[in-house]
Amino acid sequence: MARSIGYGIIGCGMMGQEHIRNINLLGDAHVAAIYEPDAGMMAKALALAPLAKPAASIAELLARPDIDCLLIASPNFLHVEHLEQIAATRPLPVIVEKPLFTDLGDADKLAGIAGRLPLVWVAMEYRYMPPVAALIADAESATGGIRMLTIREHRFPFLSKVGDWNRFNRNTGGTLVEKCCHFFDLMRLILQSNPVRVMASAGQAVNHLDERYDGETPDIWDHGYVLVDFASGARAMLELCMFAEGSRYQEEISAVGANGKIECRVPGPTRFWPAHLGAPPTPQVIVSPRNPPGPRALDIPVEQALLAAGDHNGSTFFQHRKFVDAVRANGAAEVSLADGWWAVAMGKAAQVSAQEGRVITLDDGPRLR
Ligand SMILES: NC(=O)c1ccc[n+]([C@@H]2O[C@H](COP(=O)([O-])OP(=O)(O)OC[C@H]3O[C@@H](n4cnc5c(N)ncnc54)[C@H](O)[C@@H]3O)[C@@H](O)[C@H]2O)c1
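What you see is a predicted model; the values in this text were computed from it and never measured.

Enquirer: A description of the packing of helix H4 (residues 79–89) against helix H5 (residues 107–114) should follow, citing residues and the corresponding values.
Expert: Look at H4 against H5: their axes get within 10 Å of each other, and the N-to-C directions meet at 30°. By the angle between their axes, H4 is roughly parallel relative to H5. Helix-helix and strand crossings are classified by hand; for H4 and H5 the assignment is left-handed. Between H4 and H5, the residues in contact are Val80, Leu83 and Glu84 and Lys109, Leu110 and Ile113, respectively. Split into classes, the residues belonging to the contact of H4 with H5 amount to four nonpolar, no polar and two charged.

Below, the structure is given as structure tokens:
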């Protein structure tokens with residue numbers, strides 16, 4: 001039996017605790033140490049991780065001999081600072097929550113970090129949701145080459161966070177970065193091409209307008225459309241609505257090409273499904289050829305234990321499985337710094353496009369590996 005891989009965690013609120021529940025299911029890894037400044041969150045995290053020791057600072061965490069890798073699940077605007085501290089003091093493999101950064105001015109810092117850490121994996125959980133993975137695997141054969149890709153997310157408003165950091169664009173990078181970097185990452189992955197033009201219309205219509213934090217009203221957007229042209233000639237569209245939690249499915253993706261269409265439907269977090277409505281919806285993939293026509297729907301059930309361990313259809317488990325395998329093998333990240341950079345750059349372009357009412361051209365690839 002291989003030695004258990006010990007994680008050190010930096011920031012352990014809602015998502016950090018989802019990570020712990022999934023690391024606990026791996027069987028060959030454990031959480032060895034946690035740095036979390038909020039006492040309530042630290043208590044909850046330690047209760048989930050029986051082998052973990054609390055650290056009073058990041059420096060103390062990084063000095064622990066029993067950690068083999070690190071997870072950063074702190075608020076968005078701290079990710080780059082934490083990566084820099086790790087690179088400077090204890091360059092271990094890292095999995096860092098999305099978005100990789102919030103300020104395009106951080107690109108130079110990230111380029112500096114790139115060569116100094118053995119492995120940096122950007123946590124893009126949506127890639128690993130079973131129905132999304134099934135769509136990705138079958139998209140080419142079902143479509144004959146995707147020409148149009150649409151991603152629709154209709155979901156619940158932003159949840160409450162420690163210190164309410166997610167209520168303001170300055171902390172999150174803006175909704176099209178914070179939330180939608182997942183979808184821009186999926187677009188690049190599914191289309192196997194990079195974006196060249198972004199156009200968006202988005203804003204804040206319904207949510208958080210009656211909230212005040214130190215007298216300030218939240219400025220985060222809750223809906224929008226984003227159109228993206230890709231170098232391959234494919235077109236993609238994102239539709240986001242964060243006041244639509246009454247929906248049966250949360251994410252719906254469709255890809256269409258000359259031969260046909262493939263779609264997937266992804267339910268929201270199981271814990272939010274109203275009990276009186278019966279069993280929560282099962283994820284689905286639907287393939288609709290043109291000739292002969294005849295849509296075929298396939299259920300893609302996710303194991304109950306994985307659904308119970310988080311809000312992301314089991315994806316957090318599958319991502320850690322691959323990350324731990326990469327740590328053991330000194331392997332490469334499946335979601336690289338460059339992927340993380342592109343996802344934020346596309347989100348930023350969409351934010352600026354919607355704010356300024358203009359098309360943004362993206363002609364400069366990331367200088368990261
Ligand atoms: N991939 C996904 O699907 C997904 C889902 C939710 C959140 N996230 C990401 O996970 C990260 C955490 O989000 P969350 O929802 O858990 O928020 P949260 O507020 O519940 O947790 C963040 C934690 O970081 C702690 N923190 C604050 N300052 C810190 C510091 N200086 N050093 C270390 N920790 C610090 C807070 O006390 C808090 O417990 C964010 O980047 C968010 O975008 C990703």
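Enquirer: Please set out the domain arrangement of the protein chain residue by residue, giving values where relevant.
Expert: Often, the extent of an interface is quoted as the loss of accessible area on bringing the components together. According to the domain assignment, the protein chain contains domain 1 (5–125) and domain 2 (129–303 + 339–361). If you average the C-alpha positions of domain 1 and of domain 2, the two centres end up 26 Å apart. In this complex, domain 1 contributes 18 residues to the contact, which on the side of domain 2 involves 20 residues. For the pair domain 1 and domain 2, the two sides together bury roughly 1,600 Å², of which 69% comes from carbon and sulfur.

Enquirer: Hey, could you go over the nonpolar core for me, with residue numbers and the actual values?
Expert: Judged by nonpolar contacts, the single largest core of 112 residues is most densely connected at Tyr7, Ile34, Leu83 and Met187. In terms of residues, this core owes the most to one element, helix H12 (residues 337–356), which gives 10 residues. Both of domain 1 (5–125) and domain 2 (129–303 + 339–361) provide at least three residues apiece to this core. Sequence-distant contacts of Leu83, defined by excluding residues within four places in its chain, comprise Ile72, Val94, Val96, Leu100, Leu110, Ile113, Leu117 and Val120.

Enquirer: Which residues make up the site of the ligand, and what values do they have?
Expert: The local shell around the ligand holds 28 residues, among which Met15, Glu36, Asn76, Glu125 and Lys161 are the closest. In the environment of the ligand, an oxygen atom lies 3.4 Å from a nitrogen or oxygen atom belonging to the backbone of Gly13. One nitrogen or oxygen atom from the side chain of Asn76 is found 2.6 Å from an oxygen atom belonging to the ligand. For the ligand, the protein covers 90% of the area, taking 840 Å² as the surface of the free molecule. When residues of the shell around the ligand are traced back to their parent elements, those giving at least two are helix H1 (14–23) and H4. Within the shell around the ligand, the residues separate by chemical class into 13 nonpolar, eight polar and seven charged. Two domains each donate at least three residues to the shell around the ligand, and these are domain 1 (5–125) and domain 2 (129–303 + 339–361).

Enquirer: Describe the environment of Leu277, naming the residues involved and giving the relevant values.
Expert: Along the chain, Leu277 turns up in the loop between strand S12 (260–266) and strand S13 (284–289). In this structure, the C-alpha to C-alpha distance between Leu277 and Leu337, residues 60 residues apart in sequence, is 42 Å.

Enquirer: Outline the side chain of Lys98, listing residues and values.
Expert: For Lys98, the position within the fold is in the loop between strand S5 (94–97) and H5. At 2.9 Å, the side chain of Lys98 forms a polar contact with the backbone oxygen of Glu178. When sequence neighbours within four positions are dropped, the list of residues in contact with Lys98 reads Asn76, His79, Val122, Ala123, Met124, Glu178, Cys181 and His182.

Enquirer: Tell me about the packing of aromatic side chains, residues and numbers included.
Expert: Taken as a whole, this structure holds eight aromatic pairs when the rule is applied. Ring plane angle 50° and centroid distance 6.0 Å describe the contact between Tyr7 and Phe323, whose orientation is recorded as tilted. Taken together, the residues span a long stretch of sequence, with Tyr7 in strand S1 (residues 5–10) and Phe323 in helix H11 (residues 315–328) at a distance of 316 residues. For Tyr7, a relative accessible area of 0% corresponds to the buried category. Taken together, a centroid distance of 6.0 Å and an interplanar angle of 85° make the contact between Trp121 and Phe323 edge-to-face. With Trp121 in strand S6 (residues 120–123) and Phe323 in helix H11, this residue pair connects regions lying 202 residues apart in the sequence. The class of Trp121 is buried, set by a relative accessible area of 1%. Classification of Phe323 by relative accessible area gives buried; the value is 0%. Of the aromatic side chains, those joined through ring pairs into one cluster are Tyr7, Trp121, Tyr128 and Phe323. The ring of Phe156 carries Arg155 above its face, with NZ or CZ at 4.0 Å from the centroid. The ring of Phe168 has Arg170 lying over it, and the distance from NZ or CZ to the ring centre is 4.5 Å.

Enquirer: Could you give an account of unusual backbone geometry, naming the residues involved and the relevant values?
Expert: Most peptide bonds take the trans configuration, and most residues that are not glycine carry a negative phi. In this chain, Lys98 is followed by Pro99 through a cis amide linkage whose omega measures -15°. Summarising the element assignment, Pro99 is placed in the loop between S5 and H5. For the bond running from Asn291 to Pro292, omega is 0°, close enough to zero to count as cis. Here Pro292 lies in the loop between S13 and strand S14 (296–299).

Definitions and limits used
Residues numbered from 1 in each chain as written. Predicted model: local features only at pLDDT ≥ 70, side-chain atom pairs only at ≥ 80, totals over all residues. Heavy atoms only, no water. Axes fitted to C-alpha atoms, helices over the stretch in contact; angles between N-to-C directions. Helix = DSSP H or I, 4+ residues; strand = E, 2+ residues; numbered from the N terminus. Parallel < 35°, antiparallel > 145°, perpendicular 65-115°, else oblique. Left-handed = near helix turned anticlockwise from the far one by under 90°. Contact = heavy atoms within 4.5 Å. Nonpolar A, V, L, I, M, F, W, Y, C, P; charged D, E, K, R; others polar. Domains from an automatic or database assignment. Buried area = accessible area lost by both parts, 1.4 Å probe. Core = buried A, V, L, I, M, F, W, Y, C linked by side-chain atoms within 4.5 Å. Buried < 20%, exposed > 50% of the residue type's maximum accessible area, 1.4 Å probe, protein only. Near = heavy atom within 4 Å. Polar contact = N/O pair within 3.5 Å; in protein donor to acceptor, adjacent residues only side chain to side chain. Areas by Shrake-Rupley, 256 points an atom, 1.4 Å probe, with all protein chains shown as cover. Phe/Tyr/Trp six-rings, centres within 6.5 Å; stacked < 30°, edge-to-face > 60°. Lys NZ or Arg CZ within 6 Å of the ring centre and 35° of its normal.

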